[in-house]
Amino acid sequence: MTSSSNVVTFIDQQRERFLDELMALVAKPSVSTQAAHKADVGSVAQWLVERLGSLEFEAELLEHPSGNHPLVYARYHVSETAPTVLLYGHYDVQPAVLADGWDSEPFEPTVRDGKLYGRGSADSKVNVLAQLAALEALLHEKALHANIIVAFEGEEESGGATLAGFVSEQPERFTSDITVICDGSVIDNEYPSLAVGLRGIFTLELTVQGPVRDVHSGQFGGTL
């Protein structure tokens, strides 16, 4: 049996435990845009730090004056010569109430027809848990051959000020050979999906100053 098949076997064997962890996380309304849920966001962040600590990662919460919610930051060192992989994800979610059109309470995870329904079950707590499950399996099978940096933010849905502040001021914390953003769509359940490029948001404010009265379009239109 190869190491990769051992890893998959381990994940299959731990499937119910991983699902229980996901459901517990989905039940926490970590809505980063609402001050009333600040404690819920912090609770998820603390759980992630403890979970990473159980995998022998050096894990901590990073708080920045410009932000409202902490960044979960962790490292695992394999060797000086190993490549370094930065894993990104976010544990905060958008607001959700039953009246939005949900068939069940969004923060009471429910399994129907083999699918888990609840806010964060797709965007993006499942992605965070998938990375933790993969790391645990790789470590269990002694198949982790890269240094790992983990950056799970709690403000992806609300501006990302904390992450932006630390990346700007302490870029060495995030230096890696490759970054994996585990926050995207899956094209098909049977095939993994890998996006190689993403478009961000570009905004600007344009101020136009013109004449104080109407002018002739033929004579002045080109200039204006």
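Whatever comes next refers back to the structure up there.
Bear in mind the structure is a predicted one, so any value in this text is a computation, not a measurement.

Criteria and thresholds
- Residues numbered from 1 in each chain as written.
- Predicted model: local features only at pLDDT ≥ 70, side-chain atom pairs only at ≥ 80, totals over all residues.
- Heavy atoms only, no water.
- Pairing = 2+ DSSP bridges.
- Helix = DSSP H or I, 4+ residues; strand = E, 2+ residues; numbered from the N terminus.
- Axes fitted to C-alpha atoms, helices over the stretch in contact; angles between N-to-C directions.
- Contact = heavy atoms within 4.5 Å.

Taken in spatial order, the five strands of this open sheet run β1-β2-β6-β3-β7, and their pairing is mixed. Looking at strand neighbours, the two that pair on one side only are β1 (58-62) and β7 (178-181), the edges of this open sheet. Mean inter-strand twist for the sheet, computed between neighbouring axes without regard to direction, equals 15 degrees. In this structure, β1 lies alongside strand β2 (residues 71-76), joined through five bridges in antiparallel fashion. From the neighbouring strand, A59 faces β2, where its bridge partner is A74. Here helix α4 (residues 125-140) sits on the sheet in contact with β2, β3 (84-90), β6 (147-153) and β7, set at roughly 145 degrees to β3.

In this section: the environment of V72. With respect to the secondary-structure elements, V72 resides in strand β2. Residues V72 and C182, spaced 110 residues apart in sequence, show a C-alpha to C-alpha distance of 15 Å. Setting aside anything within four residues of it in sequence, one finds V72 in contact with A45, L48, V49, L52, E60, L61, Y91, V150, A151 and F152.

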